[in-house]
Amino acid sequence: MPIDKAKIKEELVDKSNNILAKYAEKDIVESVSVMNMAAKTVFLGSLRIYNDDVVSDIKKDLKKELNGYGDLTIRDEKVIPCCAPRYVHISFNISISN
């Protein structure tokens, strides 16, 4: 049975935004990118976290909420822009076999 990419994309956005709201983060996830390949479909999302103290908790929550979709990878990187507040960029990548 083919995967419902639109439904998964919507669920990933909702779950990401619920996690951000739980920790009172001001960023929102507007969309998740979808890459279609012959053998798999990959969903890519990212979050900006301004409070360093909650980064590990948010990563744990993301892992718990998103792990059931497919092969999940979560990465984080500190970003220090010249003219804006610093933040931690958390990205996730979910691969689902077709």
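Just above, that's the structure.
Residues numbered from 1 in each chain as written. Predicted model: local features only at pLDDT ≥ 70, side-chain atom pairs only at ≥ 80, totals over all residues. Heavy atoms only, no water.

Some details on the side chain of Glu-25
Rule in force here: Numbering goes from the N terminus for both helices and strands, where a helix is a DSSP run of H or I of at least four residues and a strand is a run of E of at least two. For every residue, the accessible area obtained with a 1.4 Å probe (protein chains only) is divided by the maximum for its type, and the residue is called buried under 20%, exposed over 50%, and partly exposed between those limits. Here the positive residues are Lys and Arg and the negative ones are Asp and Glu; neither His nor the chain ends is included. Salt bridges are identified by distance alone: a Lys or Arg side-chain nitrogen within 4 Å of an Asp or Glu carboxyl oxygen. Polar contact is defined as a pair of N or O atoms within 3.5 Å, subject to the rule that within protein one atom must be able to donate a hydrogen and the other to accept it, and that residues adjacent in sequence are counted only when both atoms are side-chain atoms. For this analysis, residues touch if any pair of their heavy atoms sits within 4.5 Å.
Structurally, Glu-25 is set in the loop between helix H1 (5-22) and strand S1 (33-36). At 7.4 Å, Lys-26 is the nearest oppositely charged side chain to Glu-25, a buried residue that forms no salt bridge. There is a polar contact of 2.7 Å between the side chain of Glu-25 and the backbone nitrogen of Tyr-50. Separated by 3.2 Å, the side chain of Glu-25 and the backbone nitrogen of Asn-51 make a polar contact. In this structure Glu-25 touches Leu-20, Arg-48, Ile-49, Tyr-50, Asn-51, Val-54 and Ile-58, once residues within four positions along its chain are discounted.

Description of the nonpolar core
Rule in force here: To define a nonpolar core, start from buried Ala, Val, Leu, Ile, Met, Phe, Trp, Tyr and Cys residues and group those joined through side-chain atoms within 4.5 Å.
The biggest cluster of nonpolar side chains holds 23 residues, and the ones touching the most others in it are Leu-12, Ile-49, Ile-58, Leu-66, Phe-92 and Ile-94. Secondary-structure elements contributing two or more residues to this core are H1, strand S2 (40-49), helix H2 (55-66) and strand S4 (87-97). Excluding residues within four positions of it along the chain, Ile-49 makes contact with Leu-20, Glu-25, Val-54, Val-55, Ile-58, Tyr-87, Val-88 and Ile-90.

Brief notes about the environment of Ser-31
You can see Ser-31 is positioned in the loop between H1 and S1. Separated by 21 residues in the primary sequence, Ser-31 and Glu-10 have C-alpha atoms spaced 8.0 Å apart. Sequence-distant contacts of Ser-31, that is, excluding residues within four places in its chain, are made with Lys-9 and Val-13.

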